[in-house]
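The residues making up each chain are set out below.
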Amino acid sequence: FRHQDIRSLSEFILSQEESVYVQITPAPEKAHYTLSSAQRRMYFLYEYDKDSVVYNMPQVVKLEGELDKEKLRSAFELLISRHESLRTSFMMLEGEAVQVIHESVDFDLEYREASESVAQDIIQSFIRPFDLSNSSQLRAGLIKLSEGSHLLMVDMHHIISDGVSEGMLVKDFMSLYNGEDLPALHLHYKDYAEWQQSEEQQLRLEQQRDFWKAEFA
């Protein structure tokens, strides 16, 4: 606000310290990849209590109208094939938590037919702990209430998704169910994780950490 004209504003910008922008690029193909900082925290909490469902992200949606169950199953399979995060397992390797991307996973759409009163019990039993060593941290189920009325249940572990990515997955899922073609993905989450944990990025974080430690000294 102290630089109200273009000339003084440009002079101010030019006098500032430059920061280096490091673009995220696809990680080279490897047997396993590093975890992001957020994933490391969640994996530690998982190891601490493997029976917890605190980091489950369940969603239940009522679907009214005609539903093609096989088309629904196919849409999930295409979604899993499209997004590496949906076919990722986690393990300890030489004292370090890593993630492994699988080429394919065995997807099972759990199917039940029940009344609305019984459906509540089915939903409760559907939300259960994930085994992060398995090849997928996504499960889906379908409850048929009556002709033209279903409940779709989807649960994911927070280590592979968050609110933002969940919205993207729903959008992609709807497009795939409708038979639409989607453009190929250039980047996946493991590419971000490798970028975040790279030596260059860690150096920048260390510099920021030192700054704040000095501020609060």
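Note that the structure is predicted; figures quoted are calculated from it, not measured.

S.K.: I keep staring at unusual backbone geometry and nothing clicks. Help me out?
M.R.: Negative phi characterises most residues that are not glycine, and trans characterises most peptide bonds. Within the chain, Glu 94 stands out as a residue other than glycine whose phi angle is a positive 55°. Counting through the fold element by element, Glu 94 comes out in the loop between strand E2 (88-93) and strand E3 (96-101).

S.K.: Would you mind going over the layout of surface pockets with me for this structure?
M.R.: Vacant regions in the atomic arrangement are exposed by a probe of water-molecule size rolled over the atoms. Roughly 710 Å³ of volume is contained in the largest pocket. Along the wall of the largest pocket there are 29 residues; nearest its centre are Ser 85, Ile 160, Ser 165, His 188 and Tyr 189. Of all the elements in the fold, those that place two or more residues in the lining of the largest pocket are helix H2 (37-48), E2, E3, helix H5 (163-177) and helix H6 (189-196). When residues of the lining of the largest pocket are assigned to their parent elements, the largest contribution, 6 residues, is made by H5. Looking at the lining of the largest pocket, its residues break down into 13 nonpolar, 10 polar and 6 charged. One number sums up the size of the second largest pocket: a volume of about 450 Å³. Lining of the second largest pocket is provided by 21 residues; of these, Leu 152, Val 154, Val 170, Phe 173 and Met 174 occupy positions nearest its centre. Where the lining of the second largest pocket is concerned, the elements lending two or more residues are strand E1 (59-64), helix H3 (69-82), strand E6 (149-156) and H5. Per element, the largest residue contribution to the lining of the second largest pocket is 6 residues, and it comes from H5.

S.K.: Looking at this structure, how should I read the nonpolar core?
M.R.: Nonpolar side chains in soluble globular proteins generally cluster together in the buried interior. Residues Tyr 43, Leu 72, Phe 76 and Leu 86 are the most contacted members of the largest nonpolar core, which totals 29 residues. Of all the elements in the fold, those that place two or more residues in this core are H2, H3, strand E5 (138-146), E6 and H5. When residues in this core are grouped by element, the largest group, 5 residues, is from H3. Excluding residues within four positions of it along the chain, Tyr 43 makes contact with Leu 35, Phe 90, Met 91, Met 92, Ala 97, Leu 132 and Ile 159. Ranked by size, the runner-up nonpolar core spans 9 residues in total, among them Ala 119, Ile 123, Leu 151 and Met 153.

S.K.: What is the right way to read the environment of Ser 81 from this model?
M.R.: Mapped onto the elements, Ser 81 comes out in helix H3. Spatially, the C-alpha atom of Ser 81 lies 15 Å from that of Glu 180, the residues being 99 residues apart in sequence.

S.K.: Can you help me understand the sheet that holds E6 in this one?
M.R.: Ordered in space as E1-E6-E5-E4, the 4 strands form an open sheet in which the pairing is mixed. The open sheet terminates on both sides in strands that have one partner only, identified here as E1 and strand E4 (109-113). The average undirected angle you get between the axes of adjacent strands in this sheet is 20°. Inspection of the sheet shows E4 paired to E5 by 5 bridges, in the parallel sense. Bridge pairing in E5 places Arg 112 opposite Ile 143. Sheet strands in contact with helix H4 (residues 116-126) are E1, E4, E5 and E6, and its direction is about 175° off that of E5.

S.K.: Explain the packing of H3 against H5 to me, please; I cannot follow it from the model alone.
M.R.: Helix-helix packing is described using two parameters, namely the angle between the two axes and the distance between the axes. Where H3 meets H5, the axes come as close as 9 Å, and the angle between the chain directions of the two elements is 130°. Considered as vectors, H3 and H5 are oriented oblique to each other. Read as a crossing pair, H3 and H5 show a hand that is right-handed. Where H3 approaches H5, its residues Lys 71, Leu 72, Ala 75, Phe 76, Leu 78, Leu 79 and Arg 82 are matched on the opposing element by Leu 169, Asp 172, Phe 173, Leu 176 and Tyr 177. A per-class count over the contact of H3 with H5 returns 9 nonpolar, no polar and 3 charged.

S.K.: How should I be thinking about a nonpolar patch on the surface in this particular structure?
M.R.: A surface patch of nonpolar side chains, about 260 Å² in accessible area, is lined by Leu 9, Phe 12 and Ile 13. Mapping Phe 12 onto the fold places it in helix H1 (residues 6-14).

So, how was this worked out
- Residues numbered from 1 in each chain as written.
- Predicted model: local features only at pLDDT ≥ 70, side-chain atom pairs only at ≥ 80, totals over all residues.
- Heavy atoms only, no water.
- Helix = DSSP H or I, 4+ residues; strand = E, 2+ residues; numbered from the N terminus.
- 1 Å grid on protein atoms, 1.4 Å probe; cavity = no way out; pocket = protein on both sides within 12 Å on 5 of 7 lines; lining within 4 Å.
- Points joined across faces, edges and corners; volume = space filled by probe spheres on them.
- Nonpolar A, V, L, I, M, F, W, Y, C, P; charged D, E, K, R; others polar.
- Core = buried A, V, L, I, M, F, W, Y, C linked by side-chain atoms within 4.5 Å.
- Buried < 20%, exposed > 50% of the residue type's maximum accessible area, 1.4 Å probe, protein only.
- Contact = heavy atoms within 4.5 Å.
- Pairing = 2+ DSSP bridges.
- Axes fitted to C-alpha atoms, helices over the stretch in contact; angles between N-to-C directions.
- Parallel < 35°, antiparallel > 145°, perpendicular 65-115°, else oblique.
- Left-handed = near helix turned anticlockwise from the far one by under 90°.
- Patch = residues over 30% accessible without salt bridge, like charges linked within 9 Å, V, L, I, M, F, W, Y side chains within 5 Å.
- Areas by Shrake-Rupley, 256 points an atom, 1.4 Å probe, with all protein chains shown as cover.
- Salt bridge = Lys/Arg side-chain N within 4 Å of Asp/Glu carboxyl O.

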